[in-house]
Amino acid sequence: MARFYCPEALRTGLALSLPPGAARHVQVLRTQPGDVITLFNGEGGEFEATVTRMGRSDVDVEVGTYHPVEREVQRPVHLLAGITANERMDWLVEKATELGVASITPLVAERSVLKLKGERADKKLAHWQGVAVAAAEQCGRNRVPVVHAAVTLNEWLKQAADGERWVLSLAQGLVQDSEQGPQALSQMAGKAAVTVLSGPEGGLSPAEEAAALSAGFRPVTLGPRVLRAETAPLAVLAALSLGA
């Protein structure tokens, strides 16, 4: 059954018009009056909904049965990810959503190729949130991860929440000496919330990594191979979600 995000106060028996994005998608699928779709509003659970009218640009539905379905991982993982270039960041947001990330904060790192400010930053943030919504619709999640406004590491550290903190590191000696790896990450985290800090192309600068370590981040490695900026945090998410 096709699934659509509808940020409304949904309840059984409610008649409403779908948001423009969901309405366009329903029309592309050539849905007809009487067809049943699934709606979720990000607050948990999902509703059946029956299409009652197909307009030229709008779609009306009647909300039906509620199902208290949750497909979240037990351990919240918050990703603080260095902004990568163009489509790579889109891909990271999409796949992180599929793997169960709780929230994503784009990091304006010293080595970030893409620099954001003003109206351009607002447009990118809205775009990435839309990518997360589409990924949640596709993968069956009923909660959409929040994509926060882009910040520098120093800005994030000033308002950082409590919990386990990891920084993906390639510091000399760490790869050789560390006993950590994907198979050990789940045991390291337990059931606590985890913030994972990863850099952009080229990694974090020495100053950024030093600031993270001073703020209580624990350096972790994924082994002897160097993963791409958009791949490394996904490897952590996969290890944590499979072990949750």
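Note that the structure is predicted; figures quoted are calculated from it, not measured. (Residues numbered from 1 in each chain as written. Predicted model: local features only at pLDDT ≥ 70, side-chain atom pairs only at ≥ 80, totals over all residues. Heavy atoms only, no water.)

**Q** Is there a simple way to explain the overall build of the protein chain in this structure?
**A** Within the protein chain one finds 8 helices and 11 strands. C-alpha extents for the protein chain along the principal axes are approximately 65 × 40 × 30 Å. Counting only residues that meet the buried cut, the protein chain has 45% of its 244 residues in that class. Expressed as a percentage of contacts within the protein chain between residues at least 6 apart in sequence, the contacts between residues at least 24 apart total 73%. Put simply, the protein chain shows about 12,100 Å² of open surface, and 52% of that area lies on carbon and sulfur atoms. Each charge class in the protein chain was averaged separately, 24 positive and 27 negative side chains, and the resulting centres sit 3 Å apart. (Helix = DSSP H or I, 4+ residues; strand = E, 2+ residues; numbered from the N terminus. Buried < 20%, exposed > 50% of the residue type's maximum accessible area, 1.4 Å probe, protein only. Contact = heavy atoms within 4.5 Å. Areas by Shrake-Rupley, 256 points an atom, 1.4 Å probe, with all protein chains shown as cover. Lys, Arg positive; Asp, Glu negative; His and termini not counted. Charge placed at Lys NZ, Arg CZ, Asp CG, Glu CD.)

**Q** Even after reading the chapter, I still don't get the pairing of strand β9 (residues 164–168), so can you show me in this structure?
**A** In summary, the side chains of a regular strand alternate between the two faces of the sheet. Taking burial as the measure, the 5 residues of β9 include 4 buried ones, the bulk of the element. Of the strand pairs in this sheet, β9 and strand β11 (residues 218–220) are connected by 3 bridges, and their pairing is parallel. Looking across to β11, one finds that Trp166 is bridged to Arg218. (Pairing = 2+ DSSP bridges.)

**Q** Explain unusual backbone geometry here, please?
**A** If a residue is not glycine, its phi is most likely negative; likewise, a peptide bond is most likely trans. At Arg30, a position not held by glycine, the phi torsion is positive, near 60°. Locating Arg30 in the fold gives a position in the loop between α1 (20–28) and β3 (36–40).

**Q** Could you clarify how one ought to interpret the packing of helix α2 (residues 87–98) against helix α3 (residues 118–139) in this entry?
**A** Working note: a packed helix pair is described by the angle between its axes plus the distance between those axes. Running from N to C, α2 and α3 cross one another at 40°; their axes reach a closest spacing of 8 Å. Both α2 and α3 take part in a crossing whose hand is right-handed. Side by side, α2 and α3 meet where Met89, Asp90, Val93, Glu94, Thr97 and Glu98 of the first sit next to His127, Trp128, Val131, Ala132, Ala135, Ala136, Gln138 and Cys139 of the second. Among the residues making up the contact of α2 with α3, the classes are represented as 8 nonpolar, 3 polar and 3 charged. (Axes fitted to C-alpha atoms, helices over the stretch in contact; angles between N-to-C directions. Left-handed = near helix turned anticlockwise from the far one by under 90°. Nonpolar A, V, L, I, M, F, W, Y, C, P; charged D, E, K, R; others polar.)

**Q** Can you walk me through the side chain of Glu201 in this structure?
**A** Along the polypeptide, Glu201 turns up in the loop between β10 (194–198) and α7 (206–214). Within the local environment of Glu201, its side chain forms a polar contact with the backbone nitrogen of Ala85, the two atoms lying 3.0 Å apart. Ignoring sequence-local partners within four residues, the contact set of Glu201 consists of Ile83, Thr84, Ala85, Arg88, Arg111, Val113 and Ala229. (Polar contact = N/O pair within 3.5 Å; in protein donor to acceptor, adjacent residues only side chain to side chain.)

**Q** Quick question: what am I supposed to make of α2 here?
**A** Three- or four-residue spacings in an α-helix give side chains the same orientation, since the helix completes a turn every 3.6 residues. Given a rise of 1.5 Å per residue, 12 residues ought to cover 16 Å, and the 17 Å separating the end C-alpha atoms of α2 matches this to within 8%. When α2 is considered as a whole, its buried residues turn out to be Met89, Asp90, Leu92, Val93, Ala96 and Thr97. Projected down its long axis, α2 carries its buried residues within an arc of 160°, all on one side. Where α2 terminates, the next one or two residues include Gly100, which has phi positive at roughly 100°. (Expected span 1.5 Å × (residues − 1). Arc of directions from axis to C-beta.)

**Q** Quick question: what am I supposed to make of the sheet that holds β11 here?
**A** The strands making up a sheet associate through backbone hydrogen bonding, with each pair oriented either parallel or antiparallel. Taken in spatial order, the 6 strands line up as β8-β7-β6-β10-β9-β11 in an open sheet, and their pairing is parallel. Two strands lie at the open edges of the sheet, namely β8 (146–147) and β11, each paired on one side alone. Sheet strands in contact with α2 are β6 (77–82), β7 (103–107) and β8, and its direction is about 175° off that of β6.

**Q** Is there a simple way to explain the side chain of Thr195 in this structure?
**A** Looking at the secondary structure, you find Thr195 in strand β10. Note on Thr195: relative accessible area 8%, which makes it buried. When neighbours within four sequence positions are excluded, Thr195 is seen to be in contact with His78, Leu80, Trp156, Glu164, Arg165, Trp166 and Phe217.

**Q** Mind showing me how you'd approach the nonpolar core here?
**A** Across soluble globular proteins, nonpolar side chains show a tendency to be buried alongside one another. Ranked by size, the top nonpolar core spans 32 residues in total, and within it Leu79, Val93, Ala96, Trp128, Trp166, Val196 and Val236 carry the most contacts. Put simply, the parts of the chain that give this core at least two residues each are β6, α2, α3, β9, β10 and α8 (232–243). (Core = buried A, V, L, I, M, F, W, Y, C linked by side-chain atoms within 4.5 Å.)

**Q** How should the packing of aromatic side chains be read in this particular structure?
**A** Here the distance between the centres and the angle between the planes together describe a pair of aromatic rings. Tallied over the entire structure, the rule returns 3 aromatic pairs. Relative to Phe217, the ring of Trp156 lies with its centre 5.8 Å away and its plane at 50°, an arrangement referred to as tilted. Of this pair, Trp156 sits in helix α4 (residues 153–158) while Phe217 sits in the loop between α7 and β11, and the two are 61 residues apart along the sequence. On the accessibility criterion, Phe217 (4% relative accessible area) is buried. (Phe/Tyr/Trp six-rings, centres within 6.5 Å; stacked < 30°, edge-to-face > 60°.)

**Q** In this structure, what is going on with the environment of Gly140? I would like to understand it.
**A** Its location among the elements puts Gly140 in the loop between α3 and β8. Considering only alpha carbons, one finds Gly140 and Leu14, 126 residues apart in sequence, at a separation of 22 Å. Aside from chain neighbours lying at most four places away, what touches Gly140 is Arg3 and Arg71.

So yeah, pure geometry; function would need other evidence.
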